[in-house]
Amino acid sequence: MTNYDHKSIEAKWQKHWATNKTFKATNNSDKPKFYALDMFPYPSGAGLHVGHPLGYIASDIVSRYKRHKGFNVLHPMGYDSFGLPAEQYAIQTGQHPAETTKTNIEGGTDKSGNKIAGYRNQMDRIGFSFDWDREVRTSSPDYYKYTQEIFIMLFDSWYDNDADKAQPISLLESRFRESGNSNINAATEEDLRQFTAAEWNAFTEKEQQEILLDYRLTFLADTEVNWCPALGTVLANDEIVNGVSERGGHPVVRKKMRQWMMRISAFAERLLTGLEGLDWAESIKEIQRNWIGKSVGAMVSFQLNDHKIDVFTTRPDTIYGVTFMTLAPEHELVDQITTAAQKDAVEAYKKATAARSERERMADVKTISGVFTGAYATHPLSGEPVPVWIGDYVLAGYGTGAVMAVPCGDERDYAFANYFAGQEGMPAIKNIFDGVDISEEAYGAKDKTPLCNSDFLNGMSYQTGAMAAAIEKLEEVGSGKGKTNYRLRDAVFSRQRYWGEPFPVYYKDGLPQMIDSKHLPIALPEVDEYLPTEDGAPPLGRATTWSWCTVENKVVSNDDDRDCVYPLELNTMPGWAGSSWYMFRYMDANNENEMFSAAAQEYWNNVDLYIGGSEHATGHLLYSRFWVKLLHDLGKVTVKEPFQKMINQGMILGESAFVHMIKPKLISLKDRVKIDLNPPIIVIDEKVAKGLLDSNKLSDLHQDVVNYFEEQYKMSLEFNKDYDKYDLCFEILKSGNIPIANVVNAEIKTKFLKEYHTTKNFEYFYDSSGLNKIDELKSIPLFFEPEKMSKSKYNVVSPDDICDQYGADTLRLYEMFLGPLEQAKPWNTAGITGVYGFMKKLWKLYHNDNGFSVSEEKASPDSMKTLHKTIKKVQDDIENFSFNTSVSSFMIAVNELTAQKCNSREVLEPLAVLVSPYAPHIAEELWSLLGHKESISEVPFPVFDEKHLVESSKTYPISFNGKMKFTLDLPVDVSKDELEKMVLGNKKVQQQLEGKQIRKTIIVPGKIVNFVVG
């Protein structure tokens, strides 16, 4: 085969690898181990686009390189196959999510007639060295029975603050029996009921179980959650974007529900300190530090009639500057303390707040809103009345859901106090900083400024003991104590979905009971629909066989009325459950008796290289660290962290096409707004815009725009039908750019024109009579912008198409060539031709017109130099994850070797090994052609020899009277005198010196030779 035929080569070696299980790892090897792992994908019907394999290619290069370096490499792959998208698709099409998930993974045709490529097929085409014998799918009962087992471990554990670790709940019960709970230092809610050993032993079993629920690491609680009515489920914060669900863009409201919770807050300090030893990007560590949010201060109690309002503050030294208090609208005391006069206003505000997500409320630092409850608390030290407000900048789930407002020392409190100044319940701001002017802004510095108007704290400062003195006084009067607080909140673990791990839980007398792990898995039952029931129960409420028999230890019919039959939990686990421990299952994926053996875990230890997206910093990565620490405490694993080194790959951006209305003309509109139609931008004077916002007249502005277009161009603005008047104008003010539609081909353009009735009054746009004229449609002008690849944006590029046209090796090289792994970069299919040209040059280096041709002759020094500088560069690049520069070095090497007419085995054989991690198919083929029977995959990596880079000669400029006449290549290892003799003996030099006298000879070894002649 003279020409490079990527299709036959790649098909041949992919089949060979699969048949021979070339990349199968073993759990008992004398080789050093290396465990490379990718964040596994969610298998959607859309399949892979060229952005998905970026991290997989990088990890595959490292894995293949490590095999060449003599490591026993574990490089597995699986699927995060539970989740909301499959469930929503099931609701829309009536297909079981298990069926669509299987098709999305394995390929085929779904019941709707859609041809699905299949993730497995797509990944195999790219030539990854995965050990497919260890594949996991989180939706497989054989896998999630162990996720259920970990849940039981959490339920059967509590956190011992004294030991700083999770302990079995049986140990806690033993201590209760012996001495009650007076000496128990557990991570749990404060102010729990105290009891003696005698009282514990006298409690009924139900009473004891209720008490234990307050200590367990997974527990039931009524908590504020993100409820999405359209999806019928609770959403995590990272599943919400701009106040709506990431999936479908549906409204999300705050709602109190009884949910399973994970006591991750107990591990906050360990999660924080554990970051220090990890080789992660500092930006990811900082995200987690901020999410955990450690604060040192005091818990302060304000009395309000029979109620107590607890507040955590990092500035107890400012206690005398408290002007008012603010509670979260959802705070449990709001309804109890609100006066009759303020009830309507408070209820209206609570309703409005419920429509905003926590993330939206946290991000909105400009809007000031709140309502006075009419109630007054008592200051713990001065005894003065303190008005109590509610405001949505306070979150029920953060801290205690209440803040003591010190406007003179906090900018947000200052803005709140000024905004409501003069209204009932808002006293004048108190100034407690001596000599500081707070007429314009708050003073938040933590310095030596002395306090005033602060009783016993007068003259003291933050830096000179005021904080400690304030805490001591609060503890003395029983109104507070020093405390370290964390922003990290316990995680909601329930989802009102069908397609997720069932809980191994049944209910007896209203209390949760765990099913013995030997009876797992508790598999998902069949349901007639994947929607909530008519009375609002989760989809599992539709199952007719979903009760647990404690005698037969199995799931039985709901109609079974025996006393031993109890209802099962109707919620399912969230998506992060299965992904929090999957790295350990890969170590022993075919173990049918346990989640993994101790020997397998001790051998593989933990992940040496983890590659995935930075968007998982506060979700998967944090939860996985939490679960691993639990498993470590319980003696299930020997490691305290799951991922020692992690790299976050950047995003490959698609090229989205947009169409604009084109009319290069500036038009004035009622002296308030200008419309520039190239592209269409609404330009509003800043002061006018602010006035419109403040007076809520954006809808008026929108109508002005609509009227103008309809009158001027006799067209409707139906292309704005997806916006209401207010939102359209807000978007105009915010971005100034209205993309009318995404279009990439004639079919989509036609659809666009039919949906949005444009007219000939706009250049390049056509009325309905021209809709089917493809030539006219092609002339619609487009502009292109890079953005995230998505099927909805019509900018997806399939790796299958690239593999067909250019080959998987070209795809692999090109994705690495685009730029540094961690950076985002735009995809440009036009650029791939250069890499494909390189592949042909590489192939040609081993061939002549008659076919494969490699010489046994010794390679030239130049060729050895090219080889060894490439060895060094590629090795350094892989070790430093600088894959893009390796591709450049390959191109340089092939060009140099081609110019040198090198066909020596001494160079070309190690060159094939060098290329192998990046372009494994062509490397295998060349290795085979070189006469080898074994796979190239474990051939030792070429060894760099510096002697081939040592220069034996130097090119000297030869000058006469300072003017260079020519150059000479001279040895570098000769003395100055020998160098002078060699130069003077050269014919060219002799010709220049003929008839002239040398007055001075200047020789600088390694640099210049100059003769001064006369």
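Residues numbered from 1 in each chain as written. Predicted model: local features only at pLDDT ≥ 70, side-chain atom pairs only at ≥ 80, totals over all residues. Heavy atoms only, no water.

### Notes on the sheet that holds strand β1 (residues 33-38)
Working step 1: One open sheet accounts for 4 strands, arranged β2-β1-β25-β26; its pairing is parallel. Unpaired on one side and paired on the other, β2 (72-74) and β26 (646-648) mark the two borders of the sheet. Between one strand axis and the next, the sheet turns by 15° as a mean value, whatever way the strands run.
Working step 2: Looking at chain direction, β1 and strand β25 (residues 609-612) are connected through 3 bridges and run parallel. Within the sheet, the bridge partner assigned to Leu37 lies in β25 and is Tyr610.
Working step 3: Together, β1, β2 and β25 form the strand contacts of helix α2 (residues 53-68), whose direction differs from that of β1 by roughly 170°. (Pairing = 2+ DSSP bridges. Helix = DSSP H or I, 4+ residues; strand = E, 2+ residues; numbered from the N terminus. Axes fitted to C-alpha atoms, helices over the stretch in contact; angles between N-to-C directions. Contact = heavy atoms within 4.5 Å.)

### Comments concerning the pairing of β25
Working step 1: Neither face of β25 is exposed, since Leu609 and Ile611 on one face and Tyr610 and Gly612 on the opposite face are all buried.
Working step 2: Looking at chain direction, β25 and β26 are connected through 3 bridges and run parallel. By the bridge assignment, Tyr610 is partnered in β26 with Met646.
Working step 3: What joins β25 to β26 is helix α20 (residues 620-633), and the crossover it makes is right-handed. (Buried < 20%, exposed > 50% of the residue type's maximum accessible area, 1.4 Å probe, protein only. Right-handed = clockwise from strand over helix to strand, strands pointing away.)

### Examining the confidence of the model for the protein
Working step 1: Averaged over all residues, the pLDDT of the protein is 86; the fraction at 70 or higher stands at 86%.
Working step 2: Below pLDDT 50 for its whole length, residues 659-699 participates in 99 contacts with residues either more than four positions away or in separate chains.
Working step 3: pLDDT under 50 marks residues 712-781. Its contacts with residues more than four places away, or in other chains, come to 124 contacts. (pLDDT = per-residue confidence, 0-100.)

### Quick word on the nonpolar core
Working step 1: Residues Met123, Trp260, Phe493, Trp627, Trp827 and Tyr846 are the most contacted members of the largest nonpolar core, which totals 175 residues.
Working step 2: A per-element tally of this core places helix α6 (residues 141-155) first, with 9 residues.
Working step 3: Counting 39 residues, the second-largest nonpolar core is a separate cluster that includes Ile309, Val386, Val406 and Ile432. (Core = buried A, V, L, I, M, F, W, Y, C linked by side-chain atoms within 4.5 Å.)

### Concerning unusual backbone geometry
Working step 1: Cis geometry is found at the peptide bond from Leu520 to Pro521, where omega equals 5°.
Working step 2: Mapped onto the secondary structure, Pro521 falls in the loop between β21 (511-514) and β22 (547-549).
Working step 3: Phi is positive for Asn453, which is not a glycine, with a value near 50°.
Working step 4: A positive phi angle, close to 60°, is found at Phe881, a residue other than glycine.
Working step 5: Relative to the assigned elements, Phe881 resides in the loop between α29 (861-879) and α30 (883-899).
Working step 6: Its relative accessible area of 14% is what places Phe881 among the buried residues.

### What about the packing of α2 against α29?
What describes two packed helices is the angle between their axes and the distance between those same axes.
Working step 1: In the contact formed by α2 and α29, the axes pass within 10 Å of each other and the chain directions differ by 120°. In this view, α2 runs oblique relative to α29, as classed from their interaxial angle. Read as a crossing pair, α2 and α29 show a hand that is left-handed. Contact residues: α2 offers Ile61, Val62 and Tyr65, while α29 offers Gln875, Ile878 and Glu879.
Working step 2: Grouping the amino acids of the contact of α2 with α29 by side-chain chemistry returns 4 nonpolar, 1 polar and 1 charged. (Parallel < 35°, antiparallel > 145°, perpendicular 65-115°, else oblique. Left-handed = near helix turned anticlockwise from the far one by under 90°. Nonpolar A, V, L, I, M, F, W, Y, C, P; charged D, E, K, R; others polar.)

### A closer look at α2
Every α-helix carries 3.6 residues per turn, so stepping three or four residues along brings you back to the same face.
Working step 1: Taking 1.5 Å of rise per residue, the 16 residues of α2 would be expected to cover 22 Å, and the 22 Å separating its terminal C-alpha atoms lies within 8% of that figure.
Working step 2: In terms of burial, α2 is a largely internal element, 16 of the 16 residues being buried.
Working step 3: Just past α2, the residue Gly70 takes up positive phi, approximately 90°. (Expected span 1.5 Å × (residues − 1).)

### Considerations on the sheet that holds strand β39 (residues 1008-1013)
Working step 1: The mixed open sheet is built from 4 strands, whose spatial order is β37-β36-β39-β38. Bordering the open sheet on either side are β37 (963-971) and β38 (998-1004), each of which pairs with just one other strand. Between one strand axis and the next, the sheet turns through 20° on average, direction left out of account.
Working step 2: Pairing between strand β36 (residues 953-960) and β37: 8 bridges, direction antiparallel. Residue pairing for β37: Pro957 is matched across the bridge by Thr967.
Working step 3: Relative to the sheet, helix α33 (residues 976-984) contacts β36, β37, β38 and β39, its axis offset from that of β38 by approximately 125°.

### Some words on a negative patch on the surface
Working step 1: Judged by side-chain charge, Asp410, Glu411, Asp437, Glu440 and Glu441 come together as a negatively charged surface patch.
Working step 2: Here Glu441 shows up in the loop between α15 (411-419) and α16 (466-476). (Patch = residues over 30% accessible without salt bridge, like charges linked within 9 Å, V, L, I, M, F, W, Y side chains within 5 Å. Areas by Shrake-Rupley, 256 points an atom, 1.4 Å probe, with all protein chains shown as cover. Salt bridge = Lys/Arg side-chain N within 4 Å of Asp/Glu carboxyl O. Lys, Arg positive; Asp, Glu negative; His and termini not counted. Charge placed at Lys NZ, Arg CZ, Asp CG, Glu CD.)

### Thoughts on the environment of His96
Working step 1: Examined against the element boundaries, His96 turns out to sit in the loop between α3 (84-93) and α4 (97-106).
Working step 2: When its relative accessible area of 13% is taken as the criterion, His96 is described as buried.
Working step 3: Put simply, His96 and Glu526 are 430 residues apart on the chain and 9.1 Å apart in space, counted from C-alpha to C-alpha.
Working step 4: The contact partners of His96, leaving out residues within four places of it in the chain, are Tyr498, Trp499, Glu526 and Tyr530.

### Regarding α3
Working step 1: Residues Leu84, Ala86, Glu87, Gln88 and Ala90 constitute the buried set of α3.
Working step 2: Where α3 is buried, its residues meet α4 and β8 (233-235).

### Section: the packing of helix α28 (residues 832-845) against α30
Working step 1: Two elements in contact, α28 and α30, have axes separated by 10 Å at closest approach and are oriented at 40°. The pairing of α28 with α30 is recorded here as oblique in orientation. The handedness of the crossing between α28 and α30 comes out as left-handed. Residues Val835, Phe838, Lys841, Leu842 and Leu845 of α28 touch α30, and the partners they reach there are Phe890, Met891, Val894, Asn895, Leu897 and Thr898.
Working step 2: Considering only residue class, the contact of α28 with α30 consists of 8 nonpolar, 2 polar and 1 charged.

### A word on the pairing of β38
Working step 1: Inspection of the sheet shows β38 paired to β39 by 6 bridges, in the antiparallel sense. Counted as the bridge partner of Lys1000 is Val1012 from β39.
Working step 2: Where β38 folds back onto β39 in an antiparallel hairpin, the turn is made up of 3 residues, including Gly1006, whose phi is positive at roughly 85°.

### Comments concerning the packing of aromatic side chains
Working step 1: In this structure the tally under the stated criterion is 57 aromatic pairs.
Working step 2: Relative to Phe267, the ring of Tyr159 lies with its centre 4.8 Å away and its plane at 70°, an arrangement referred to as edge-to-face. Placement of Tyr159 in strand β5 (residues 157-160) and of Phe267 in the loop between β11 (253-262) and α10 (268-273) is noted, with a sequence separation of 108 residues between them.
Working step 3: Residue class for Tyr159 comes out buried when judged on its relative accessible area of 1%. (Phe/Tyr/Trp six-rings, centres within 6.5 Å; stacked < 30°, edge-to-face > 60°.)

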